[in-house]
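# Breakdown of the fold
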Amino acid sequence: MPTTDPALNSAQAKSCQPCSGPHQVHELLRANEELKILNAKLSATQDKLVQSEKLASIGQLAAGVAHEINNPIGYIFSNFGTLERYLVHLFQMLSAYEEAERHLSDTPQGLQLKKLREQIELDYLKEDIPNLMQESREGISRVRKIVSDLKDFSRVGASQEWVWANLHRGIESTLNIVNNEIKYKADVAKVFGDIPDVQCLPSEINQVIMNLLINATHAITAERGTITIRTGRTGEGDSEQVWIEVEDNGCGIAKEHISKVFDPFFTTKPVGKGTGLGLSLSYGIVQKHNGHIDVRSEPGQGTCFRISLPVRHHSTEAQE
Ligand SMILES: Nc1ncnc2c1ncn2[C@@H]1O[C@H](COP(=O)(O)OP(=O)(O)O)[C@@H](O)[C@H]1O
Ligand SMILES: [Mg+2]
């Protein structure tokens, strides 16, 4: 066997000899460190690529699905509104008939109406129909919300205007919109730094902030929690960045879930409460801005999402 060949072994020993000096060992260790760093970079890049690839393919799928569903759900929603109005009129009419029925109580028509009323359980129907309508309305609204998320996610019809925007103003208006969701669950603390205007797609950045705020609210399981919004700036000149943090003291994210939170359709929420699209949508938006979105979380303690955006937008061919 080659390994037991003494000649070979001695040749190997000889050929390795130059490496064993302290200088060479040092060189080797250094090279090894470099390799480790490169390897880590490579693996991070690969993760990003996988994420972009997933986003791209799911985006195409989402665009198709959203387009197909958007139209029918639009007229179902609109017809539903009309139907609700018609029902109000029908109920008014029914009450008038019931009033008139009293005057027919001893006639054959009166008896027939009474029998029919009992047969179809009219009183129960009158009670149940509004409940069914309400539930259906909620269902339709939910589907519309999903379709709209999907459309945003696939950027169908999104405005592509890059403008200089004041992010604090965006945060304030977003807070106003979601205030209804937040106010019963959390206090909001704002720790705003001195930040410049940012060249961005403001409605999309607002969407990201909204997703983070709603997630933070959902994460608060205690009686009441706190959501802290911080902003600040780093870097100089061309590499100047603005960051926004949304931190909550809610349930936190389990270790095994943290790498999945940006995946499309990953959700730990019950059906109806979560679509699993919020963060993947946000990831796509921040990526389009050449920014980063990071998360750190301590299960049971809370979670902090941080978005960093370059102040000036440099369009790249890939984005166009
Ligand atoms: N602030 C947060 N605290 C705890 N878990 C979070 C937080 N934000 C996101 N998550 C986790 O990430 C998952 C994905 O979030 P998201 O993409 O917004 O989808 P959804 O909110 O519809 O579930 C959530 O279901 C939840 O498990
Ligand atoms: Mg969400």
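Our structure's up above, just so we're on the same page.
Residues numbered from 1 in each chain as written. Chains lettered and ligands numbered in written order. Predicted model: local features only at pLDDT ≥ 70, side-chain atom pairs only at ≥ 80, totals over all residues. Heavy atoms only, no water.

A word on the packing of helix 6 (residues 202-219) against helix 7 (residues 278-288). Running from N to C, helix 6 and helix 7 cross one another at 145 degrees; their axes reach a closest spacing of 9 Å. Between helix 6 and helix 7 the crossing geometry is left-handed. On helix 7, the residues touching Glu-204, Ile-205, Gln-207, Val-208, Asn-211, Leu-212 and Asn-215 of helix 6 are Gly-278, Leu-279, Leu-281, Ser-282, Ile-285, Val-286 and Lys-288. Considering only residue class, the contact of helix 6 with helix 7 consists of seven nonpolar, five polar and two charged. (Axes fitted to C-alpha atoms, helices over the stretch in contact; angles between N-to-C directions. Helix = DSSP H or I, 4+ residues; strand = E, 2+ residues; numbered from the N terminus. Left-handed = near helix turned anticlockwise from the far one by under 90°. Contact = heavy atoms within 4.5 Å. Nonpolar A, V, L, I, M, F, W, Y, C, P; charged D, E, K, R; others polar.)

Okay, the site of ligand 1 next. Taken together, 19 residues lie near ligand 1, and Thr-267, Thr-268, Lys-269, Thr-275 and Leu-279 sit nearest. Out of a free accessible area of 530 Å², ligand 1 has 94% covered by protein chains. Counting atoms within 2 Å of the grid points, the majority share of ligand 1 lands in the largest pocket. Contributing elements (two or more residues each) for the shell around ligand 1: helix 6, helix 7 and strand 7 (302-310). Sorting elements by how many residues they give to the shell around ligand 1 places helix 6 first, with three residues. Taken together, the residues of the shell around ligand 1 sort by class into eight nonpolar, nine polar and two charged. (Near = heavy atom within 4 Å. Areas by Shrake-Rupley, 256 points an atom, 1.4 Å probe, with all protein chains shown as cover. 1 Å grid on protein atoms, 1.4 Å probe; cavity = no way out; pocket = protein on both sides within 12 Å on 5 of 7 lines; lining within 4 Å. Sits in = over half its atoms within 2 Å of the grid points.)

One non-glycine residue with positive phi stands out, namely Glu-121, at about 50 degrees. By the secondary structure assignment, Glu-121 is in the loop between helix 3 (108-119) and helix 4 (122-153). Residue Glu-121 is classed as exposed on the basis of its relative accessible area of 51%. Phi at Phe-265 takes a positive value of approximately 70 degrees, unusual for a residue other than glycine. Mapped onto the fold, Phe-265 is located in the loop between strand 5 (241-248) and helix 7. (Buried < 20%, exposed > 50% of the residue type's maximum accessible area, 1.4 Å probe, protein only.)

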